[in-house]
Structure formats: C-alpha cells, structure tokens
Amino acid sequence: MSKFIWVCNVCGHEAHGYFGQCPNCASWGSLEKEAVSKSKSKSPALKHSLFVSSEDEIKKLSEIEESDIKRLNTGSEEFDRVLGGGIVPASVNLIGGQPGIGKSTLLLQLAFFFAAKNLKTLYVSAEESSSQLKMRALRLRSVEEDERVAERILVYTESNLEKIIEAIKKSQADLVIVDSIQAIYNPNLDSIPGNITQIKECCSNLNKIAKTLALPLFIVGHINKDGDIAGPKLLEHMVDTVLQFELLKDGSLRLLRSIKNRFGSTDELAVFEMKESGLEDVKDPSQIFLNERAAGVVTAIKEGRRPLLCEVQALVIHSEQHNPRRVANGIDFTRLHQILAIMEKYLKLPLSKQDVYVSVAGGLSIKEPASDLAIALSILEKKDNLAALYDLIALGEIGLAGEIRQISNLEIRLKESQKLGFKYAITPVLNTEMRLQLSNLKIQILEAQNIQQAVKIFQKLLGH
C-alpha cells in the first residue's frame, strides 16, 4: 500500500497530514497530496545536490578575485534590456507565460541568433516532436537558405531527465533550451511529470549541470489560472532569472517583464510585436499606446530605465444604485477609491452619487503613484464634460491632504513627453535645482502645489 505525504505548492514544505494552512509559510489551501518517492536506481548523476560547487576553504571577501563576466548578446535589444544587458554565462533563466504567447518562438529566435554567431544550441523539446519544431522554425526563417546556421541548432525530443542530462554533456552546446520543465520527469521518482516533487528535482539537476558546465540555460514554464508559474514557489528561488510574458492590446503586442534577476534590475520591461516572421522589438512603445488616443489624460510611468507614456481614460455617469459602481482596469482599485475621496473632499465634487470607471488604454497596468494626477484629471474631464487636451501630460502623486507630491525621474519622463510632441506638463512644485535641470526643455512646465491648483491650471488651458 502506497504511503502519502502532503506538500505545499508554495514553499515545498512536507507534512504527514492535511492542514488547511501550511505550517511553514501560512498559505491557505496550498497542501497537495503526493505519493512518497522511492528511488528506482542509484544513478550518481541524479542525486539531489547543491547548485554551486563547494570549496575546500573559507575565503575573505577581499581575497576573492573579480571575474570579468562577459554577457552574451541575444540579438534583441529588448530581450537584452530585460536580462540586464545580455545573457550571463552559467545562468539559469525561467520564462513563463500563457500558451501561444511566444515563449518558444522567442527562444527559437535566440537559437538562430546564436547559430549565426557560430555558437551551438541544444533545444530540448519535451512537448513537441522534432517535425513540429521544424515547422515552427520554417515560419521564422528559411532553414534551407540558412543550412549552415541550422546545422548548429541541435534538437532533442525527450522528457526523461537522465537522457537529457547525458545529451547536454555530449552536445558541447553553448546554449541549452528546455521546453518545458513541467513535461520533464526524473525516472528515479514515483510521481508523475508536472508534480511538485518532479518539478523541484528536475530543476535542481538542470541547475547543477548548467553551473558545472558553465552553460546558459533557458527553461520554459507553464502558468496556472492565477497567472503564476506552475509548480512550487521554490522553483523561482532555484533559478537566477524569472521572466514573464504578458499579452497586450489587440493580441499582437507582448510585454516581457523581469520578476527576478540576480544580475540586473527587476523593473525592466520589453515590448515585442508578434508578426508572421516571429517576435520583433518595439523600440518606441509610447507611440503605439498613444496612436489611438481618445479623450483622456496622458501620464508617464517608469519601467526600469525606460519612460513609457500611456493614456488614462475615465467615464463618470449618474448612478441610481445605493452603492455606485467603481471599476478600475490597469490601476489599483484601492488607489482609485482614495483619489475619489480626495477629489470629493477638496474639490467638493459629488462623486459618491456617480458610477466611476477608470481604465488605462492599451491594457497596461500602472503601479506607481505618479499617475494619480492624470487619474484625477481624467475623472474631472468626464465629470464636467470638458474637452480633451491632446498636448498635455500630468505627473504627480496626490497625498491625503490634497497636496501634489514629488515623483522620481521627472526629467526623464518630461524628455520623453517632449520627444512625442507634448507642449504642457502639470507637475509638482519644483525646487531650484530641479528648475535649473529642466530649464533647457521646450515643454512648458506648470507647477501645482495641490489638487485645487492643478484643476485651475487644467481648466485655464481649456479656456474655462
């Protein structure tokens, strides 16, 4: 009779009985039933091991020599940006996203780029046959015309971890792609592929081989219904970089975000457009998001080192309900309630009797408070049926006292706005040093100390 344990799919904690809440990480409903694993072989290659080789002695930090690591180019400026400047040798990178979003396409394009640079790539496909993979490759480029390039892309269709590790050793590849981690299984374990234990052990051994052979490794991961990468949270801790694909707008635009990066910033964002020939870099995403502008107020958000302009739209209508509706798409729902309360108190607007809908055009999500002023002005614009201002950008955080607070990287945001043709910018009150820094800009900066002043400036520009 088989024995079972309960494993937390968040932290990997093992328990001998079911608990509604994990005793280790306090997550609710995260314990899943698993059969106790029994080893079938004594293969030394697949024993659980650490991710880095141990050293014989303890060293002082000052005695450790700096390693001059040269990053590898991916052939895509957007991809390089998200990785922190390129691929770090011996790094393990996990890329997730919903089915059909372009994970395999992006990595196959990376394989072609490496092959063009006389570097060898091993593509391990645990889900598609070799003929299916070739069909995908033919859609991206002509393999027959680039026969010499295609010879340096090795394809191995296998899901057995033992065979995959042997293939990695024999291939002498410069890059390894594994698609996907949920389809691979360790034959020494009783559990099925995709099981928490299987995912953890397979990732652990792939991590070890990548570090041992100094190979950059890309692992494709599925996502669950909540949009998180399927499997235990421990999976994200095992790897060096976690990237996630998101779908935008009409389905042709993709965002690639860095959720975790040991070698760079986690705030970076890449924008791609899916075409018949594959994924192409979008070098000026602000222009795309503003192409179909309607009545709304534009703000500038900061994604890593890149400023990104987006339009905030609002709809305000009289409500017959006792509790008016509040709908927020692309902004924090609690933040919307806070802004509405500030507007009602300091602008004396009867918003408690109105249904308010706020949305960020293009499917973007805004997390930083620098967009507060744009949200407030877009609500005011629809509440009072004001005309749209197409050459205005609004930047500023609104405090609970109605004050307009400073935001970071204001100069970078204003330069991007000026480049796209904006003439006016409503901003927080600047200090003397900041005014000197911004004096060479052609965009007219209109300073507001509080929300009342910002509204007066807004109405004056409209001629009210």
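Reference entry: report on the structure contained in this document. Here the residue numbering is sequential within each chain, running from 1 through the sequence in written order. Local features are withheld for residues below a pLDDT of 70 in this predicted model, meaning they are given only at 70 or higher, and side-chain atom pairs are given and counted only at 80 or more; totals for whole chains, interfaces and linings count all residues. Where side-chain values are given, they derive from all heavy atoms of the structure, hydrogens and water being excluded.

Moving on: the pairing of strand β8 (residues 217-221). Buried means the residue's accessible area, taken with a 1.4 Å probe over protein chains only, is under 20% of the maximum for its type, while exposed means over 50%, and partly exposed covers the values in between. Put simply, DSSP marks the helices as runs of H or I at least four residues long and the strands as runs of E at least two long, and each gets a number from the N terminus on. Extensive coverage of β8 is indicated by the burial of five of its five residues. Here β8 shows two buried faces, one formed by L217, I219 and G221 and the other by F218 and V220. In this scheme, strands are said to pair when DSSP sees at least two bridges between them. Pairing analysis gives five bridges linking strand β4 (residues 92-96) to β8, with the strands arranged parallel. Paired with I95 across the two strands is V220, which belongs to β8. Seen with its strands pointing away from the viewer, a crossover is right-handed when the path leading from the first strand over the helix to the second is clockwise. In this fold, the crossover linking strand β7 (residues 175-179) to β8 by way of helix α6 (residues 196-213) has right-handed handedness.

Next up on the list: the sheet that holds β7. Sheet architecture is open: nine strands sit in the order β6-β5-β7-β8-β4-β9-β10-β11-β12, paired in mixed fashion. In this open sheet, the two strands that pair with only one neighbour each are β6 (153-157) and β12 (278-281). Taking each pair of neighbouring strands and ignoring which way they run, the sheet shows an average axis angle of 25°. Should any heavy atoms of two residues lie within 4.5 Å, those residues are counted as being in contact. Orientation is described by axes fitted as lines to C-alpha atoms, over the contacting stretch for helices, and by angles from 0 to 180 degrees between their N-to-C directions. On the sheet, α6 packs against β4, β7 and β8 and is oriented at approximately 160° with respect to β8.

The next subject is the packing of aromatic side chains. Only Phe, Tyr and Trp rings take part, Trp by its six-membered ring, and two of them pair if their centres are within 6.5 Å. Stacked means planes under 30 degrees apart, edge-to-face means over 60, and tilted covers everything else. With the rule as written, the count across this model stands at three aromatic pairs. Aromatic pair W6 and Y18: ring centres 5.1 Å apart, planes at 65°, arrangement edge-to-face. Taken together, the residues W6 in strand β1 (residues 4-8) and Y18 in the loop between β2 (14-15) and β3 (31-35) connect sequence positions twelve residues apart. Taking the centre distance of 6.0 Å and the plane angle of 55° together, the rings of F79 and F218 count as tilted. Residue F79 is located in helix α1 (residues 77-83), and its partner F218 is located in strand β8; the two are separated by 139 residues in the primary sequence. By definition here, charges over rings are those cases where NZ of Lys or CZ of Arg is within 6 Å of the ring centre and within 35 degrees of the ring normal. It is K345 that lies over the ring of Y346; its NZ or CZ is 5.7 Å from the centre.

Moving on, we get to the pattern of salt bridges. Criterion for a salt bridge: a side-chain nitrogen of Lys or Arg within 4 Å of a carboxyl oxygen of Asp or Glu. If you walk through the whole model with that rule in mind, you get 13 salt bridges. One salt-bridge network, held together by shared partners, links K211, D240 and R262.

Turning next to α6. Taking 1.5 Å of rise per residue, the 18 residues of α6 would be expected to cover 26 Å, and the 26 Å separating its terminal C-alpha atoms lies within 8% of that figure. Remark: A214 follows α6 within two positions and exhibits a positive phi of approximately 55°. The span one expects for a helix is its residue count, reduced by one, times 1.5 Å.

One can find D179 in strand β7. As a buried residue without a salt bridge, D179 has its nearest oppositely charged side chain in R136, at a separation of 5.9 Å. Apart from the residues lying within four places of it in its own chain, the contact partners of D179 are S104, Y123, V124, S125, A126, E127 and V220. We count Lys and Arg on the positive side and Asp and Glu on the negative side, and we leave His and both chain ends out.

Closest axis-to-axis distance for the helix α10 (residues 372-383)/helix α13 (residues 451-461) pair is 11 Å, and the angle between their directions is 55°. The angle between the axes of α10 and α13 places the two elements in the oblique class. Considering how the two elements wind past one another, α10 and α13 form a crossing that is right-handed. Contact residues: α10 offers L373, A376, L377, L380 and E381, while α13 offers I451, A454, V455 and F458. Under the scheme applied, nonpolar residues are Ala, Val, Leu, Ile, Met, Phe, Trp, Tyr, Cys and Pro; charged residues are Asp, Glu, Lys and Arg; polar residues are all the others, including Gly. Considering only residue class, the contact of α10 with α13 consists of eight nonpolar, no polar and one charged. For classification, angles of less than 35 degrees are called roughly parallel, those exceeding 145 degrees roughly antiparallel, those between 65 and 115 degrees roughly perpendicular, and all remaining angles oblique. A clockwise turn of the near helix away from the far one marks a right-handed crossing, whereas an anticlockwise turn of less than a right angle marks a left-handed crossing.

Attention now goes to unusual backbone geometry. Cis rather than trans, the peptide bond between D179 and S180 has omega equal to 5°. Of note, S180 is situated in the loop between β7 and α6. Even without a glycine there, the phi angle at K348 is positive, about 55°. Along the chain, K348 turns up in the loop between α9 (333-346) and β16 (354-360). Look at K348 and you get exposed, because its relative accessible area is 68%. Despite not being glycine, N409 shows a phi value in the positive range, around 55°.

This brings us to the state of the cysteines. Working definition of a disulfide: a covalent bond connecting the sulfur atoms of two cysteines. The definition used for a disulfide is geometric: two cysteine sulfur atoms within 2.5 Å. Counted under the stated rule, the structure contains zero disulfides. This cysteine, C202, is not joined by any disulfide, and C203 carries the nearest cysteine sulfur, 8.7 Å off.

Just distances and angles here, no functional claims.
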